[in-house]
Structure formats: C-alpha cells, structure tokens
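Examination of the molecular architecture
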Amino acid sequence: MIANSERYARKSKESALKTIRSTVMFQWKYKEELQKTMDILEKAIEDESWKQYIVDSILGGNNNLKVRIDDQEQGVERIVNCKFRHHHTDERYGNIHIDLVTTGLGIKSTTHEVGKFNIMNREVIVEKVLKDMLACVKKEC
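Let's talk about the overall build of the protein chain
Along the protein chain, the regular secondary structure elements total four helices and five strands. Taken from the N to the C terminus, the helices and strands of the protein chain come in the order α-α-β-β-β-α-β-β-α. When contacts within the protein chain are restricted to residue pairs at least 6 apart in sequence, long-range pairs at least 24 apart make up 44% of them. Entry remark: accessible area of the protein chain is about 9,600 Å², with carbon and sulfur atoms responsible for 49%.

Here is the structure:
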C-alpha cells in the first residue's frame, strides 16, 4: 500500500514540474503592437470603408475605439465601441480578442464577437472588423 502511494506521489510531482514549451511565443512589445494595430484600424475607418455613412467622430482610448456614426439622411445614429481585450496568456502568445458593442437611440445595446486574432495579422483584423462593423450599423448582427 505504501509503495503505491509513493508511486502516485512521484507521478504527480513529475507532472507538476512540466512546463509549457512553445516555439511561438510573442517576441515583440505587446502594448506597442496593439497601439499600432488600433491606429491602423482607426485610419482605415476614417479613409475608405465608411462612404455609406457619415462618421462623426472616432475616439481611441485604453483598449477601445469608439466610433460615432450620425447620418441624418439615412436616419442612423449609432455608437460602435470596438473593444480589444486580452489576458496575460494572450500577451505571451500575441493574441487579441475583438468585440463590437453597438448602442444607439431606441435600440438595445448588442455585443458581437468578431474573433480571436494574432496581433501582427493587421490586414485580416482591419478587413474583418470593418465588415462586421458595417453589419452592426445596418442592424444585421
């Protein structure tokens, strides 16, 4: 009986000492890369994709981009808050979770999860966020 308990104790010590060995650790500064990604997304919103609606303002702060859309011709008044959230393990591996929260007058606020992306994959992030943001403004999400 004692021999069995020693064997189980030895196995539990061996499994507790094992660490995660990954070769895909993020090598750059996470906060700086996140800020670059947010700046690129902000410029993309200002430049090309919102020809259908009038963007009143874009406010960036902390880990959010707040886009205010006020188009009187089409009767659209919305605020789309793009949240970039991450945990310490996401920082370690360079991942980011993006959510869109849409609010407006007379509508219930809705949350739409865009997805989980690698922070360096900026083209995919911009394309997907703009597409989903447009759908949220049109009330399709």
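Having seen the structure, we can now continue with the description.
Quick notes on the side chain of Asn 95
Within the secondary structure, Asn 95 is located in strand S4 (residues 95–104). Residues within four places of Asn 95 in sequence aside, it is in contact with Tyr 30, His 86, Asp 90, Lys 116, Phe 117 and Asn 118.

Looking at the state of the cysteines
Evaluation of the coordinates by the stated rule reveals zero disulfides. Cysteine Cys 82 shares no disulfide, and the gap to the nearest cysteine sulfur, in Cys 136, comes to 9.9 Å.

Details of the nonpolar core
Ranked by size, the top nonpolar core spans 30 residues in total, and within it Leu 41, Cys 82, Phe 84, Ile 98 and Val 129 carry the most contacts. Elements with a minimum of two residues in this core: helix H2 (30–49), strand S2 (64–71), strand S3 (76–85), S4, strand S5 (107–118) and helix H4 (122–137). In terms of residue count, H4 provides more of this core than any other element does, eight residues in total. Beyond its immediate sequence surroundings of up to four residues, Cys 82 is in contact with Leu 41, Asn 63, Asn 64, Leu 65, Ile 98, Asp 99, Leu 100, Val 129 and Met 133.

Points about the side chain of Glu 33
Examined against the element boundaries, Glu 33 turns out to sit in helix H2. At 2.4 Å, the side chain of Glu 33 and the side chain of Arg 122 are in polar contact. Among residues more than four places away in sequence, those in contact with Glu 33 are Phe 26, Trp 28, Ile 119, Met 120 and Arg 122.

As for the pattern of salt bridges
Using the criterion set out here, one finds four salt bridges in the structure. Of the charged contacts in the structure, one is a salt bridge between Asp 99 and Arg 85, with a shortest N-O distance of 2.7 Å. Separated by 14 residues along the polypeptide, Asp 99 in strand S4 and Arg 85 in strand S3 bring together distant segments of the chain. Residue classification places Asp 99 among the buried residues on the basis of a relative accessible area of 10%. Among the salt bridges present, the one from Asp 132 reaches Lys 128, with a minimum N-O distance of 3.6 Å.

Points about the confidence of the model for the protein chain
With 79% of its residues at a pLDDT of at least 70, the protein chain reaches an overall mean of 82. S4 holds the highest mean pLDDT among the elements of the protein chain, 93, whereas helix H1 (residues 2–17) holds the lowest, 57.

Structural notes on the pairing of S3
Side-chain direction in a regular strand flips from residue to residue, so the side chains alternate between the two faces of the sheet. Both S2 and S3 contribute to a ladder of eight bridges, which runs antiparallel. Considered in S3, the bridge of Lys 66 is made with Asn 81. Counted between consecutive antiparallel strands, the loop separating S2 from S3 contains four residues, among which Gly 75 sits at a positive phi close to 70 degrees. As paired strands, S3 and S4 are joined by eight bridges and run antiparallel to one another. Its bridge partner lying in S4, Arg 78 is registered against Gly 104.

Conventions we followed
Residues numbered from 1 in each chain as written. Predicted model: local features only at pLDDT ≥ 70, side-chain atom pairs only at ≥ 80, totals over all residues. Heavy atoms only, no water. Helix = DSSP H or I, 4+ residues; strand = E, 2+ residues; numbered from the N terminus. Contact = heavy atoms within 4.5 Å. Areas by Shrake-Rupley, 256 points an atom, 1.4 Å probe, with all protein chains shown as cover. Disulfide = S-S within 2.5 Å. Core = buried A, V, L, I, M, F, W, Y, C linked by side-chain atoms within 4.5 Å. Buried < 20%, exposed > 50% of the residue type's maximum accessible area, 1.4 Å probe, protein only. Polar contact = N/O pair within 3.5 Å; in protein donor to acceptor, adjacent residues only side chain to side chain. Salt bridge = Lys/Arg side-chain N within 4 Å of Asp/Glu carboxyl O. pLDDT = per-residue confidence, 0-100. Pairing = 2+ DSSP bridges.

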